[in-house]
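# Tertiary structure, described
Residue strings, one per chain:
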Amino acid sequence: MAKQDDNISADGPQGNQAYFQLLSDIRDGRLVSGDRVRETDLAERFGISRTPIREAIRLLEVDGLISHQPRQGATIRRLDYAEVMELYEMRSVLEGTAARLAARSASDIEIEELISLNADLAAAGNSPEAFRLNRQFHQALLHSTKNRFLAKSMDSLQKSLMILGPTTLTQPDRAERAIEEHNDVLTAIRSRDGEAAEKAMRAHIEAAQRVRIRALRQLPVTEE
């Protein structure tokens, strides 16, 4: 689950609960781009007052996940094509850097855990468990870099990526190819070849980007 930035906080335990639950709803596709976020509905759903709900919505707005639209109020943001391209470009840079640093910094135990996670991912097939394992794989690789500033940058980027909806692993044959791409990254990390690890990770992210772009082009065009 995504972590809050150190310099912002929701209004006590109830606000924190609402904030993280809404993040989970966005990540898992229960809230999608364009959905309205109503304080009264959420207060009733969570069984709390509107004050912590209002603070949770404010924090999501700070994260860039919610915007206020005329006559609609708070809604889950829509990303335009340029923003999607920019997000994946930054993801390629950051995760490529993470793979390069992991080749240098990851312990043998951490590498073994990454290999195990990818094997579990291969066995999970196209299931919600596979999506969780994929997130865990990328998070574990990031942790192995031992770089807190990189982790903080990735946390911010991952929040924005949530708006795009379900993982590209839901697309036909994507999961199988992603596992092979993970293996290419792991082979380079095990060899302590930072350059090859970064190149393999960038190729992995760019493959996901191509799948995402194809999916976006299939969406119906809406009038502004």
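Note that this is a predicted model, so its numbers are computed, not measured.

### Overview of the nonpolar core
In this structure, Ile53, Leu141 and Ile189 are the most contacted members of the largest nonpolar core, which totals 61 residues. Per-element tally for this core: the top contributor is helix 4 (residues 81–105), with 9 residues. Ignoring sequence-local partners within four residues, the contact set of leucine 141 consists of Ala98, Ala99, Ala102, Leu114, Val185, Ile189 and Met201.

### Description of the packing of helix 4 against helix 6 (residues 128–143)
Viewed as axis vectors pointing N to C, helix 4 and helix 6 meet at an angle of 60°, and their least axial separation amounts to 8 Å. Here helix 4 lies oblique to helix 6, going by the angle between them. Between helix 4 and helix 6 lies a crossing of left-handed hand. Each of Arg91, Glu95, Ala98, Ala99 and Ala102 in helix 4 lies in contact with helix 6, whose residues at this interface are His138, Leu141 and Leu142. Among the residues making up the contact of helix 4 with helix 6, the classes are represented as 5 nonpolar, 1 polar and 2 charged.

### Some details on helix 3 (residues 50–62)
The terminal C-alpha atoms of helix 3 lie 18 Å apart, and with 13 residues this matches the ideal 18 Å at 1.5 Å per residue to within 8%. Pro52, Ile53, Glu55, Ala56, Ile57, Leu59 and Leu60 are the residues of helix 3 that are buried. Looking one or two residues beyond helix 3, the residue adopting positive phi is glycine 64, at roughly 85°.

### Some points on the pairing of strand 1 (residues 66–69)
Every other side chain in a regular strand lies on the same face of the sheet, so the side chains alternate between the two faces. Of the pairings in the sheet, the one linking strand 1 to strand 2 (residues 73–76) comprises 4 bridges and is antiparallel in character. Opposite glutamine 69, over in strand 2, you have glycine 73 as the bridge partner. The hairpin turn running from strand 1 into strand 2, its antiparallel successor, is 3 residues long, and arginine 71 in that turn takes a positive phi close to 65°.

### Digging into the packing of aromatic side chains
Counted according to the given criterion, the structure contains 1 aromatic pair. Taking 5.2 Å as the distance between ring centres and 70° as the angle between the ring planes, the aromatic pair formed by tyrosine 19 and phenylalanine 20 counts as edge-to-face. Taking the relative accessible area as the measure of exposure, phenylalanine 20 reaches 21% and is therefore partly exposed.

### Some thoughts on the side chain of threonine 168
In this structure, threonine 168 sits in the loop between helix 7 (148–162) and helix 8 (174–190). Classification of threonine 168 as buried rests on a relative accessible area of 10%. Filtering out sequence-adjacent residues up to four positions away, threonine 168 remains in contact with Tyr88, Arg174, Ala208, Val211 and Arg212.

### Looking at the pattern of salt bridges
Enumeration according to the criterion identifies 18 salt bridges in this entry. As a salt-bridge pair, aspartate 28 and arginine 30 come within 3.4 Å of each other at their nearest N and O atoms. A relative accessible area of 48% means that arginine 30 is categorised as partly exposed. Here aspartate 108 ties to arginine 192 by a salt bridge, and the two come within 3.3 Å at their closest N and O atoms. Of this pair, aspartate 108 sits in helix 5 (residues 108–124) while arginine 192 sits in the loop between helix 8 and helix 9 (194–217); the two residues are 84 residues apart in sequence, bridging distant segments of the chain. On the accessibility criterion, aspartate 108 (52% relative accessible area) is exposed. By sharing partners, the salt bridges in this structure join Asp25, Arg27, Asp28, Arg30 and Arg45 into a single network.

How each quantity is defined
Residues numbered from 1 in each chain as written. Predicted model: local features only at pLDDT ≥ 70, side-chain atom pairs only at ≥ 80, totals over all residues. Heavy atoms only, no water. Core = buried A, V, L, I, M, F, W, Y, C linked by side-chain atoms within 4.5 Å. Buried < 20%, exposed > 50% of the residue type's maximum accessible area, 1.4 Å probe, protein only. Helix = DSSP H or I, 4+ residues; strand = E, 2+ residues; numbered from the N terminus. Contact = heavy atoms within 4.5 Å. Axes fitted to C-alpha atoms, helices over the stretch in contact; angles between N-to-C directions. Parallel < 35°, antiparallel > 145°, perpendicular 65-115°, else oblique. Left-handed = near helix turned anticlockwise from the far one by under 90°. Nonpolar A, V, L, I, M, F, W, Y, C, P; charged D, E, K, R; others polar. Expected span 1.5 Å × (residues − 1). Pairing = 2+ DSSP bridges. Phe/Tyr/Trp six-rings, centres within 6.5 Å; stacked < 30°, edge-to-face > 60°. Salt bridge = Lys/Arg side-chain N within 4 Å of Asp/Glu carboxyl O.

Read these as layout, nothing more, since geometry by itself doesn't imply function.
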